[in-house]
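# Fold and geometry: a report
Okay, here's what each chain looks like letter by letter:
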Amino acid sequence: MNRGITGQTTPQMLVRFYPDVVELKPAAVIILAGTNDIARNTGPQTAEMIQRNLMAMAELAKANGIKVIFCSVLPISDYGRVKQTVGRPPADILKLNAWLREYAAKTGAIYADYFPALADEKGFMKQAISGDGLHPNAAGYELMVPVASAAIQKALQ
């Protein structure tokens, strides 16, 4: 069940984590978050603030017997009408992804790395899989399915 809300940031996700995750008692939760924080959708945020929100979600999930799957922040591109790198610096995305990978490994969470499947040789989201350089289209989601499926299978073993 998808509980994502367009434009939300990690503090907003954390506030609704109990009703949208814990109370539903799933076996696992997939957390795909961070790009809107980097873009400052709800105001200035430091990397540490984003990390703490992600850590809190993971701790709430684990305390309630829910396996945690962290997803890499998706690549963005400047191929569309809007230059996505202005609000979402690629270096910030890569730093958050490195932290997510390390934190997942340290805590026993699963890390679903969408980046290799979606990025081109420049590290941008492939032009054919996004109309705006931020959101995947159907072809982009098709590339994400095997990554998500493998992560879910691993989490549920």
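For the structure, see preceding data.
Conventions used here
Residues numbered from 1 in each chain as written. Predicted model: local features only at pLDDT ≥ 70, side-chain atom pairs only at ≥ 80, totals over all residues. Heavy atoms only, no water. Helix = DSSP H or I, 4+ residues; strand = E, 2+ residues; numbered from the N terminus. Rg over C-alpha atoms; globule rule 2.2 N^0.38 Å. Contact = heavy atoms within 4.5 Å. Areas by Shrake-Rupley, 256 points an atom, 1.4 Å probe, with all protein chains shown as cover. Patch = residues over 30% accessible without salt bridge, like charges linked within 9 Å, V, L, I, M, F, W, Y side chains within 5 Å. Salt bridge = Lys/Arg side-chain N within 4 Å of Asp/Glu carboxyl O. Buried < 20%, exposed > 50% of the residue type's maximum accessible area, 1.4 Å probe, protein only. 1 Å grid on protein atoms, 1.4 Å probe; cavity = no way out; pocket = protein on both sides within 12 Å on 5 of 7 lines; lining within 4 Å. Points joined across faces, edges and corners; volume = space filled by probe spheres on them. Nonpolar A, V, L, I, M, F, W, Y, C, P; charged D, E, K, R; others polar.

### Focus on the overall build of the protein
Secondary structure summary: the protein contains 8 helices and 3 strands in total. Reading the secondary structure of the protein in the N-to-C direction produces α-α-β-α-α-β-α-α-β-α-α. The globule rule puts the C-alpha radius of gyration for 157 residues at 15 Å, and the 15 Å found for the protein is close to it. In terms of its C-alpha atoms, the protein occupies a principal-axis envelope of roughly 45 × 35 × 25 Å. When contacts within the protein are restricted to residue pairs at least 6 apart in sequence, long-range pairs at least 24 apart make up 71% of them. When the accessible surface of the protein is split by element, carbon and sulfur atoms take 57% of a total near 8,500 Å².

### What to know about a nonpolar patch on the surface
Taken together, Ile30, Ile152 and Leu156 make up a surface patch of nonpolar side chains, about 240 Å² in accessible area. Secondary-structure assignment places Leu156 in helix 8 (residues 138-156). Taking relative accessible area as the criterion, Leu156 reaches 49% and is therefore assigned partly exposed.

### Considerations on empty space enclosed by the protein
According to the stated counting rule, one finds 1 cavity of 30 Å³ or more in the structure shown. What the largest cavity holds in volume is close to 30 Å³. Contributing to the lining of the largest cavity are Pro75, Ile76, Pro90, Ile93, Leu94, Phe115, Gly123 and Phe124. For the lining of the largest cavity, the element with the most residues is helix 6 (residues 90-107), which contributes 3 residues. When grouped by side-chain class, the residues that make up the lining of the largest cavity number 7 nonpolar, 1 polar and no charged.

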